[in-house]
Amino acid sequence: MGSITEYAFKNKVVIYFFLLLIAFGGVISYVNMGKLEDAKFTLKVALVITPYPGASPHEVEQEVTEVIERAVNEMEYVDYISTSSYAGLSIVEININDRYKSEEMSQIWDVLRNKISDASGELPEGAIAPQVIDDFGDVFGTFYAITGEGFSYEELKEYSEYMKKELLTVDMVGKIKLFGNQPECVDIIVNDAKLSELGVNPGLIIQALQTQTNIAPSGNIELVDRYVRVSGNSPYGNIDDISNTIIQVGPEQFYLKDFAEIKKSYVEPAQETMNFNGSEAKGLGISAAKGANVIILNENLNKKIAQIEANLPVGVKLNPIYNEAKEVEAATNTFVINLIESVGIVFVILLLFMGIRSGLLIASGLIFSILGTIVVMYAFDISLHRSSLAAIIIAMGMLVDNAIVVTDGALVDIQRGLNPKKAILNVSRLTAMPLLGATIIAILAFLPVFLSPSTAGEINRDLFLVLAISLSLSWIFAMTQSAITNERFLKAPKVIKEDPYDTKMYILFKNGLTKIIKHKWISTAILFMLLIFGFGLFGNVKQAFFTPLEKSYLVVDYWLPEGSSLNKVDKDLTIAESYLSENVSEIVNITTSLSQTPPRYMLMAITQSYNSSFGQLMIETHDSDEAVSVRPEISKYFAENFPEARVQISGYIAGPPIPYKVEARFMGPDPAVLRQLSEKAKNVM
């Protein structure tokens, strides 16, 4: 394998040209490549939501949930199914087995839709068609709260829709989702006294409304040589149309408004509501397009938002809740600092042991290896995110190994009086294959992460790829860039040394190694004792594959007993929000979500589907240390003031969202026995 070095010597201009390309290409690639907070991975979860108005939870379970569950169970891809049956609503959560890759998920979701479509015919009359939600894992990393002091709900909704329409035109924007919108409805409040007086059967009202809203074909009329379509009943256009609905009672006719009050309203209980620092708000989540640089996206959004705000009335504000670009910028800045520190450390250490020239040459190899890695990442659409940045930082300690071996070997031969070029070629021939083998072994050490079929493997897929790219390039640069620069800058000493190892450091090392070998049994015993001691200490090491993230946010999940009113949840959290804002100085903003969590603003955020007994506070502090320090105080406040509630205070981890560290599940046909067992388990825990 010495031929690669020989080629470098014969074609120095070509090598220098490629080095120049890599230097400029690395900088350009770094500026333009995709930058995200976390690696993209597919949450292999889908929801099937089926409304069944008027049904009790038991009826929903028996008539809807079980029908959907049986249909889904026919799919071979399913890992497990979790169902929730509420009054008038069925929610079925389908979790797909981890062994299926992200590329297969689109086909799996198509199969799921077909199964649900086939099962819809078995649902009872009155059940609304099931809705399949498979974009459960979409991340809306830029999340705003739209508030309007003194503005009505309708006005705030109108401005929210306007902002969504305008922001969708921004370059690099993927999707935009609004949170906190309530479905509109029309309330018909019947006066029972007038109804009895006029002798109107309530069933006639329903019949008349259904007749008016049903669209039936009315045919067409032939006039001369063309057909004219005949229009029958048209749907209601406004509240007045509904008020003027004619109710036929025998020979008499009445208007609906004669005995009922008709007004525009919203579905209750609310499906999703949101407050920001005590004010009613609408959430606006923005996701980045595939491969987008969220830092550039943030700049584009800020420019567009400045234009939009100029057209908004005074009082309507767009308040940032979570900004992925801010987190990414902090992470990339840390990476640049780590790179500078790594190069500096390498240079200082090598300066002490190998001299200033060798230190600079090896440090330059480290820089070219990282720049080359960034070029390849950009070419293969690998973004900078938590996993890929971690891979580069891990690799920094190994990228100099090949260059050190080549440079040190050449330096020793040059000190013995050998011609620099011949010395470098000789070292390359002797070390190329062993170094390549060592590089491959180092790469293969991370291969299990890449091959893991789990979500953890998908998250860390780029970790292996970036390590493989960087370590491979370090070997190539050691055989080429290091070789030609060593010849250029490593000079033969004025005094030739017969033994380059005849120095104080090497003599000290030699004497120590000789004593260890001489007393091999004692040395082996000491090493064995250290091994046992290490195993003993290993039990005290904290074990966590995914470590907690340093975020200035924490979330408070709040559950009241099942069946509690959403208004009660709202009242409790309003009291808590007011107290925390006034008495905990570390808190900057509090975002309250009722009945379910907001759009997934961060890949690691835990989501909660619709539950009328649920609410969440998303609390922002000044920094990550404060987010940790305020937890005991918040926990104590909720325990003392809301003892009937179940409260969970948590942060975020660098991995798949895990709601609980320990979970127990009981399965069986008798609900009473299941409740009894669950209560016993709660008492034990």
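A brief look at the structure comes next. (Residues numbered from 1 in each chain as written. Predicted model: local features only at pLDDT ≥ 70, side-chain atom pairs only at ≥ 80, totals over all residues. Heavy atoms only, no water.)

### Let's talk about the sheet that holds strand β1 (residues 45-51)
Convention followed: Strands are labelled as partners when DSSP assigns at least two bridges between them. In this text, helices come from DSSP runs of H or I with a minimum length of four residues, and strands from runs of E with a minimum of two, each type numbered from the N-terminal end. Here an angle of 0 to 180 degrees is reported between the N-to-C directions of two axes, which are lines fitted to C-alpha atoms, with helices fitted over the stretch in contact.
Read across the sheet, 4 strands follow the order β2-β3-β1-β4 without closing on themselves; strand pairing throughout is antiparallel. Across the chains shown, the open sheet's two edge strands, defined by having one partner strand only, are β2 (78-86) and β4 (131-133). The average angle at which neighbouring strand axes cross in this sheet is 15 degrees, direction not considered. Of the pairings in the sheet, the one linking β2 to strand β3 (residues 89-96) comprises 8 bridges and is antiparallel in character. Each bridged residue has a counterpart across the sheet, and for Tyr80 the counterpart in β3 is Asn95.

### Let's talk about the pairing of strand β5 (residues 142-148)
Filter applied, for reference: The buried label goes to any residue with under 20% of its type's maximum accessible area, the exposed label to any with over 50%, and the partly exposed label to all in between, with areas taken from a 1.4 Å probe on protein chains only.
Counted residue by residue, β5 has 7 buried out of 7 residues, so it is predominantly covered. Burial along β5 is two-sided: the face carrying Thr142, Tyr144, Ile146 and Gly148 and the face carrying Phe143, Ala145 and Thr147 are both buried. Judged from the 6 bridges that link them, β5 and strand β14 (residues 279-288) form a sheet pairing that is antiparallel. Looking at the pairing, Tyr144 lines up with Leu284 of β14.

### Remarks on the side chain of Asn402
Looking at the secondary structure, you find Asn402 in helix α13 (residues 401-415). We classify Asn402 as buried; its relative accessible area is 5%.

### Structural notes on a nonpolar patch on the surface
Quick reminder of the rule: Patch members must show over 30% relative accessible area and no salt bridge, and they are joined within 9 Å when carrying like charges or within 5 Å when they are nonpolar side chains of Val, Leu, Ile, Met, Phe, Trp or Tyr. Per-residue and other accessible areas follow the Shrake-Rupley method at a 1.4 Å probe size, with only the shown protein chains counted as cover for residues. By convention in these notes, a salt bridge is any Lys or Arg side-chain nitrogen within 4 Å of a carboxyl oxygen on Asp or Glu.
On the surface, Ile345, Val348, Ile349, Leu352, Phe353 and Met505 cluster together to form a nonpolar patch covering roughly 610 Å² of accessible area. With respect to the helices, strands and loops of the structure, Phe353 is situated in helix α10 (residues 324-354).

### Here's the deal with the packing of helix α17 (residues 461-479) against helix α18 (residues 481-489)
Here is the rule: The contact rule is simple, with two residues in contact once any of their heavy atoms fall within 4.5 Å. By the convention adopted, Pro, Cys, Tyr, Trp, Phe, Met, Ile, Leu, Val and Ala count as nonpolar, Lys, Arg, Asp and Glu as charged, and the other residues, Gly among them, as polar.
At a closest axis distance of 3 Å, the pairing of α17 and α18 adopts a crossing angle of 35 degrees. Along the contact surface, α17 presents Phe477, Ala478 and Met479, while α18 presents Gln481, Ser482 and Ala483. Grouping the constituent residues of the contact of α17 with α18 by class yields 4 nonpolar, 2 polar and no charged.

### Here we look at the packing of α13 against α17
Any two packed helices are characterised by the angle at which their axes cross and by the distance between the axes. Test applied: With respect to orientation, any angle under 35 degrees is reported as roughly parallel, any angle over 145 as roughly antiparallel, any angle of 65 to 115 as roughly perpendicular, and every other angle as oblique. Left-handed describes a crossing in which the near helix is turned anticlockwise from the far one by less than a right angle; the clockwise case is right-handed.
Packing of α13 against α17 leaves a shortest axis separation of 8 Å and a crossing angle of 20 degrees. It follows from the interaxial angle that α13 and α17 lie roughly parallel. Seen from above, α13 lies across α17 with right-handed handedness. Note on element contacts: α17 touches α13 through Leu471, Ser474, Trp475, Ala478 and Met479, opposite Asn402, Ala403 and Val406. Across the contact of α13 with α17, the residue classes tally to 6 nonpolar, 2 polar and no charged.

### What to know about the side chain of Gln182
Topologically, Gln182 is positioned in the loop between β6 (173-179) and β7 (184-190). Under the relative-accessibility criterion, Gln182 is labelled buried at 8%. Excluding residues within four positions of it along the chain, Gln182 makes contact with Tyr153, Lys157, Tyr266, Val267, Ala270, Gln271, Glu272 and Thr273.

### What to know about the pattern of salt bridges
Here the structure, examined in full by the defined rule, presents 11 salt bridges. Ionic pairing is found between Glu6 and Arg429, a salt bridge with its closest N-O pair at 2.9 Å. Pair noted here: Glu6 is in helix α1 (residues 3-10) and Arg429 is in helix α14 (residues 420-444), with a separation of 423 residues, a long-range link. A relative accessible area of 27% places Glu6 in the partly exposed class.

### Some details on the packing of aromatic side chains
Using the following cut-off: Any Phe, Tyr or Trp ring, taking Trp's six-membered ring, that has another such ring centre within 6.5 Å forms a pair; planes under 30 degrees apart are called stacked, those over 60 apart edge-to-face, and the others tilted. Note on geometry: a ring has a charge over it if NZ (lysine) or CZ (arginine) is within 6 Å of the ring centre and within 35 degrees of the ring normal.
Taken as a whole and judged by the stated rule, the model has 18 aromatic pairs. Between Phe638 and Phe642, the aromatic rings sit 5.6 Å apart at their centres with planes inclined by 40 degrees, giving tilted as the arrangement. For Phe638, a relative accessible area of 1% gives the class buried. Taken together, the aromatic side chains of Phe143, Tyr322, Tyr553, Tyr601 and Tyr652 make up a single cluster linked through ring pairs. For the cation-ring pair, Arg488 lies above Phe489, with the distance from its terminal atom to the ring centre recorded as 5.2 Å.

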